[in-house]
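Chain residues, written in single-letter form:
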Amino acid sequence: MADKGTKKKLTRVEGGDAAAPAREAKPFVAAPESKAKARKFRIFAILSWIVAIGLEVGAILMLKKVPIQTTWLIALIVADLVFAVIGSLLWKKANRFDPASEKEKFRFFVQNQLGAIIAVIAFLPLVILIFANKDLKGKQKGLVGAVAVIAMLIAGFVGVDFNPPSQEQYAQQIEQVKSLGAEHVYWTKSGTRFHLYQDCQHINTRKTDEIFQGTVPQARELKNITELCKTCEGRWKKEHAAVESPVPEVEIPETEFPTGDAVPVPVN
Ligand SMILES: [Zn+2]
């Protein structure tokens, strides 16, 4: 429920509030170059899906040619799967560049789960026609049917976005980093969080040979990173509290600066 406000005197207490994620974050609008990239990915995703559905139509036509060629039929189903999956991966990537708004629930669902919807379109009619086909015999029907069902399940699973990006989420994260006063965030290829320090113990490890520096939306675009590192957040607050308040001096524990593991890392 929305905050209706109050008529009482409202005293903002310094310090604690700034750390909490802002509730009224500015709406997120993707940068023009991000939108252009999203557009390109979406066009290729749609083309790939069109090819997938075309291959399904080809497979359906094969069902009418008796005797039915099992090998060719399976080859068409596998090709259908490949293009359905490529389309879904491109589509999900496009959504990271230009996310939908959670406010429009239906659109948000369709835009993020379109890959799964296409998987149903690209396989379900074929699956039904295989099982309804009278020219396919027992073992042959079982094999072709199983391949088609498994292909549909794989395409559906890849098509689902289990962590759909949203404009609201982006805005909230940008605000969170901004409210802390950080200018950049850092992340790695394999990581799931973005960091405020390039020497954070979680990214500055032996196995890391590249650290990316950029903005919150960039961390989402290039790699679907959805969370701020808790270690970095705690360290940032502690260090900045130490700078702002003249007394008492806050002691920073040694553990905050891991040296043993640290490997110099090029950032830019
Ligand atoms: Zn960190």
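Residues numbered from 1 in each chain as written. Predicted model: local features only at pLDDT ≥ 70, side-chain atom pairs only at ≥ 80, totals over all residues.

Lay out helix α5 (residues 138-159) with the relevant residues and their values.
Spanning 22 residues, α5 covers 31 Å between terminal C-alpha atoms, matching the ideal 32 Å at 1.5 Å per step. Restricting attention to buried positions, one finds in α5 the residues V144, A148, A151, M152, A155, G156 and G159. Viewed end-on, α5 has its buried residues packed into an arc of 130 degrees, placing them on one side of the element. In α5, those exposed residues whose orientation departs by more than 90 degrees from the buried face are G138, K139, A146 and L153. (Helix = DSSP H or I, 4+ residues; strand = E, 2+ residues; numbered from the N terminus. Expected span 1.5 Å × (residues − 1). Buried ≥ 20, exposed ≤ 12 C-beta atoms within 10 Å, placed from the backbone. Arc of directions from axis to C-beta.)

Let's hear about the environment of T70: which residues, and what values?
Tracing the backbone through its elements, the reader meets T70 in helix α3 (residues 70-97). T70 sits 70 residues away from Q140 along the chain, and the two C-alpha atoms are 7.1 Å apart. Aside from chain neighbours lying at most four places away, what touches T70 is Q140, L143 and V144. (Contact = placed C-beta atoms within 7 Å.)

Quick one: what's the story with the packing of helix α2 (residues 32-62) against helix α4 (residues 105-132), residue by residue and with numbers?
Relative to each other, α2 and α4 sit at 5 degrees, their axes nearing to 10 Å. Between α2 and α4, the angle is such that the two are roughly parallel. Side by side, α2 and α4 meet where W49, A52, I53, E56, A59 and I60 of the first sit next to I118, I121, A122, F123, P125, L126 and L129 of the second. By residue class, the composition of the contact of α2 with α4 is 12 nonpolar, no polar and one charged. (Axes fitted to C-alpha atoms, helices over the stretch in contact; angles between N-to-C directions. Parallel < 35°, antiparallel > 145°, perpendicular 65-115°, else oblique. Nonpolar A, V, L, I, M, F, W, Y, C, P; charged D, E, K, R; others polar.)

Could you give an account of the packing of α3 against α4, with specific residues and numbers?
Following both chains from N to C, one finds α3 and α4 inclined at 170 degrees, their axes separated by 9 Å at the closest point. It follows from the interaxial angle that α3 and α4 lie roughly antiparallel. Where α3 abuts α4, its residues D80, A84, G87, S88, W91, K92 and N95 lie against Q111, N112, L114, G115, I118, A119 and A122. The residue inventory of the contact of α3 with α4, partitioned by class, reads six nonpolar, six polar and two charged.

Fair warning: the whole summary comes from geometry, so function is off the table for now.
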